[in-house]
Amino acid sequence: MILRVLPSLPVALVPVLLLAQTSTPTPAAAPSYEARYAEVLALAPRADRVAQVTNLVLKRDVAQFTLANGTIYLLSSIGGRTMGAVFQGEATFSFAPPTRIEQDRLARFEKVRALDARVTELVLLFADSTLAELEGKVKFGQGQVPGEIRTVVKKSLEYLGDEDSKSFHPDLMTAFLNNQESNDLFYAHITRDGGGPLMFMLDPFESEEVILENRAPRRFWTHQPEVICRFPRQRAAPDSVTGERRGTPTIRTYRLDNTLTQTGSGDLTFAAAARLEIATPVASGPWVPFELFYKLQVDSARWDGGDPATVFRGKEAMLLWVKLDRRLQAGETRSLLLYYHGDLIDRYGDFFFIKSPSSWYPVSLDERSYATFDITYHTPSQYLIASVGERADSGVAGRVLTTRWVTPGPIRNASFNLGQFEDYKVKEEGVPPVTVMVSEQAHRELAKGLRERGYGLVQQRKMKETVGADVAQSLKFFQHVYGAAPVKQVYATEIPYYEGLAFPGMVDLSWVTFQQTDQQGEDEVFRSHEVAHQWWGIGVDFATYHDQWMSEGFADFSGLWYLQAARKDNEKYFGVLRRWRANIFLHKDEPSPIWLGYRISSSKDEVGYQILVYQKGAWVLHMLRILMLDLKTMNEDRFTATMQDFYRTYHGRRASTEDFERIVEQHTGLSMDWFFQQWVYGTAVPTYRVAYKTEPAGNGQYRVKLRVAQEGVPDDFRTYVPVALDLGNNRVARVRVNVTGPSSEIELPLLPAEPKAIKFNDLDGVLCDVKMVGW
Ligand SMILES: [Zn+2]
């Protein structure tokens, strides 16, 4: 489904490597996963391949390993090929991130902006030219292998896999299994003085190939790594890859036949027959990994023509390995029939919920790839079902309802929801029909459960009407301000959780927002946020995780805008905005730019993702809105036209922050780089100390002077702050003042009357803290 253009993988076949390969049997793809996995697990230093090294340097992008003095051992072969080595002695690892954001990031974790670590042991795994480089520089021969070196290797492998599920890092494992080419894959497990281990990787399957990780210190699985830095490798000409992966096989079309059967205890079992069309942007295989929810077991697999297919799935493993009958070339496809079943559906009262909304069917490791879906569900006839796609057929036979849903075009994720629902339809002129699926009975039970635990929760009257109205009216409002809805119908279904999820034509809303509506507008924002994803996140997809604020922040802002414009509640709009500002200010000591996306969440910062990507992301749009507002007429056509233009231009595609910046610049006619640098790529938020004085200027006019101290931001930080002057008799004068540098004195245009009050940062035009002080 991803129709992105991928550059071909740079394959560096250096002659010396070819030479090295002739001395061993021709490596071949693994006939079985388990046999090769066993070789990986048994990786150990070889006594006949030992060398003393002095001042040997390995460079991988911005990383440099200097093996000053010590011993290096090649590891046992995998599929007949040497793909690993271990070093012990004195060495250094230096790593200098190329950008300010990644240097800041390194400083968060390591307290330095460029790393120069003293290394005692190094385990290397590779499919690149490392072996040739080593053999070109040192002479391997017979030696001693101390027991502790074996332990070093064994321990490092624990960071990459899990023996119970026979899992291993999928990109390393792909190289080990296929073993017929050189790619740029390089991995180093670094043991150092004065700090936990570090993992450096050059992973050609990632869009940002250069990765530095550590072992996350807290509640994660013991060896779950945490990304410190990641960025694209230095290239002569930067490529324009979108998404997080490159060169990764995908599934382009799905035909899923799902059977959900009720058991005696009222639970639902799940079994599926899937026809998957596998495609690849570059030659791949024969072994290719996919993901499938770990509770699902594969029963059988065969190719389209009927031949049995080789697949491997470890016990409770997330990965599903498929061995293609031959290597797949770019542009070729192969159709696999896969049968699987398992514990997928949770029951909660009259709700059912998919335990894994993102991998209940086999998915590409490129989780952002697109596919078309043709899905049939056989479900107990007493339950209502909603799915992505357009409903093509349905019929009841016995007590089984069969429905078929087809997506009109490629989408990112498919989902469904079913339950003892009542359906409530909302028809609004000019808006796709909305079907709300709600379970009154489940509400009574959920609320009762909460009451028993001491939480009072009043059930709002007209649950479905209230939710349905927000869904339909926000659809209508977003059509008006952004452009035609990209779907023909919308299902709004209820889920027994505290979150919302959006899919094309379907939103899952927390049961709580049905149960009650808070008094402050957050519920309206929550419901319309999920609706807004039809435009932002689905209609216009974000280019990479860096741009996710253009999905979540845009959706949060859209919810606010709906609250203000359609629900005509100005006070709540600013109320919610100010609460979000308070969160942002409380978070000031954990600075991360919005642009870091999911990486904001780390052991250093557990709440920042929500506060920065969602709430500060919404603030960025709000600030643009006010910046583009005509303060004389309060007309905001320029902002609306910008959003419409952006939606029209990128609908059905992926857009980056730079793409958005370009559209904004077309509508302002000015460079907006400063704005995006400060608010999206930067972390600072200003505090202003503002004093003013007024004096007569003759002819009944008045002069107002402002003195503004700007704190907490770099010296070149600049803002355009709206100032409102109350002139009495319902007259308000508004001006925009440019604040730059630590202190400025600003004289406002002459006023026709003496101002009774001055409001600095009117309309909360800038995300800042304002303190009024005496002159
Ligand atoms: Zn969202």
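Refer to the structure printed above.
Residues numbered from 1 in each chain as written. Predicted model: local features only at pLDDT ≥ 70, side-chain atom pairs only at ≥ 80, totals over all residues. Heavy atoms only, no water.

Peer 1: Any details on the packing of helix α2 (residues 33-41) against helix α6 (residues 170-178)? Residues and values, ideally.
Peer 2: Contact geometry of α2 with α6 gives a least axis separation of 10 Å together with a crossing angle of 110°. Comparing the axis directions of α2 and α6 gives the class roughly perpendicular. For the element pair α2 and α6, the recorded crossing hand is right-handed. Between α2, through Y33, R36, Y37 and V40, and α6, the contact on the second element is made entirely by M173, F176 and L177. Residue composition of the contact of α2 with α6, by class: six nonpolar, no polar and one charged. (Axes fitted to C-alpha atoms, helices over the stretch in contact; angles between N-to-C directions. Helix = DSSP H or I, 4+ residues; strand = E, 2+ residues; numbered from the N terminus. Parallel < 35°, antiparallel > 145°, perpendicular 65-115°, else oblique. Left-handed = near helix turned anticlockwise from the far one by under 90°. Contact = heavy atoms within 4.5 Å. Nonpolar A, V, L, I, M, F, W, Y, C, P; charged D, E, K, R; others polar.)

Peer 1: Which residues make up the pattern of salt bridges, and what are the values?
Peer 2: Inspection of every chain in the model, using the stated rule, returns 52 salt bridges. Between E209 and R235 there is a salt bridge; the shortest N-O distance is 2.7 Å. Of this pair, E209 sits in the loop between β8 (198-202) and β9 (210-215) while R235 sits in the loop between β10 (225-231) and β11 (250-262); the two residues are 26 residues apart in sequence, bridging distant segments of the chain. Classification of R235 as partly exposed rests on a relative accessible area of 28%. One salt bridge connects R579 with E522, and the closest N-O pair in it is separated by 3.1 Å. On the criterion of sequence distance, the pair formed by R579 in helix α12 (residues 570-586) and E522 in helix α10 (residues 522-532) is long-range, its members being 57 residues apart. One salt-bridge network, in which partners are shared between bridges, spans D171, E206, E208, R230 and R245. (Salt bridge = Lys/Arg side-chain N within 4 Å of Asp/Glu carboxyl O. Buried < 20%, exposed > 50% of the residue type's maximum accessible area, 1.4 Å probe, protein only.)

Peer 1: Any details on the pairing of strand β28 (residues 490-495)? Residues and values, ideally.
Peer 2: Of all the six residues making up β28, six are buried; the element is thus mostly covered by neighbouring parts of the structure. Alternating residues of β28 divide into V490, A492 and E494 and Y491, T493 and I495, and every residue in both groups is buried. The pairing of β28 with strand β30 (residues 506-510) spans five bridges and is parallel. Within the sheet, the bridge partner assigned to T493 lies in β30 and is D508. (Pairing = 2+ DSSP bridges.)

Peer 1: Just give me the short version of unusual backbone geometry, but keep the residues and values in it.
Peer 2: For the peptide bond that leads from G285 to P286, omega is 10°, which places it in the cis range. Secondary-structure assignment places P286 in the loop between β12 (268-279) and β13 (287-291). Non-glycine residue N699 carries a positive phi angle of around 55°. Of the residues examined, N699 reaches a relative accessible area of 79% and is grouped as exposed.

Peer 1: Give a detailed account of the nonpolar core, specifying residues and quantitative values.
Peer 2: Core analysis: the biggest nonpolar cluster contains 107 residues, and W549, F646, F660, F675, L725, V737 and F760 have the highest contact counts within it. A total of 13 residues in this core trace back to one element, the largest contributor, which is helix α13 (residues 608-627). Those residues in contact with F646 that lie beyond four places of it in its chain are W536, V540, M550, F554, A655, D659, F660 and I663. Formed by 57 residues, the second largest nonpolar core is a distinct cluster that contains Y340, I375, A386 and A442. (Core = buried A, V, L, I, M, F, W, Y, C linked by side-chain atoms within 4.5 Å.)

Peer 1: Describe the sheet that holds β12, listing the residues and the values that go with them.
Peer 2: With respect to topology, seven strands assemble into an open sheet ordered β14-β17-β12-β11-β21-β24-β23, the strand pairing being mixed. Strands at the two margins of the open sheet, each flanked by one partner only, are β14 (296-303) and β23 (390-397). In this sheet, neighbouring strand axes are inclined to one another by 15° on average, regardless of whether the strands run parallel or antiparallel. In terms of strand pairing, β14 meets strand β17 (residues 333-342) through seven bridges, oriented antiparallel. Across the sheet, S300 pairs through a bridge with Y339, a residue of β17.

Peer 1: An account of the packing of aromatic side chains is needed here, citing residue identities and associated values.
Peer 2: Summed over the entire model, instances satisfying the criterion amount to 55 aromatic pairs. Ring geometry for W360 against F416: centres 4.9 Å apart, planes inclined by 70°, an arrangement best described as edge-to-face. Linking W360 in the loop between β19 (351-354) and β20 (363-364) with F416 in strand β25 (residues 416-419), this pair joins segments that are 56 residues apart in sequence. The pair W360 / F416 is uniform in exposure class, with both members buried. Look at F557 and W561: their rings are 5.5 Å apart centre to centre, the planes differ by 40°, and that puts the pair in the tilted class. Of this pair, F557 and W561 both sit in helix α11 (residues 549-565), separated by four residues, roughly a single helical turn. Across from the ring centre of F109, 5.5 Å away, lies the NZ or CZ of K604, which sits over that ring. (Phe/Tyr/Trp six-rings, centres within 6.5 Å; stacked < 30°, edge-to-face > 60°. Lys NZ or Arg CZ within 6 Å of the ring centre and 35° of its normal.)

Peer 1: I'd like to hear about the side chain of N179, residue by residue, with values.
Peer 2: Along the chain, the position of N179 falls in the loop between α6 and β7 (186-192). By relative accessible area, which is 1% here, N179 ends up buried.

Honestly, that's just the spatial picture; any functional story needs more than this.
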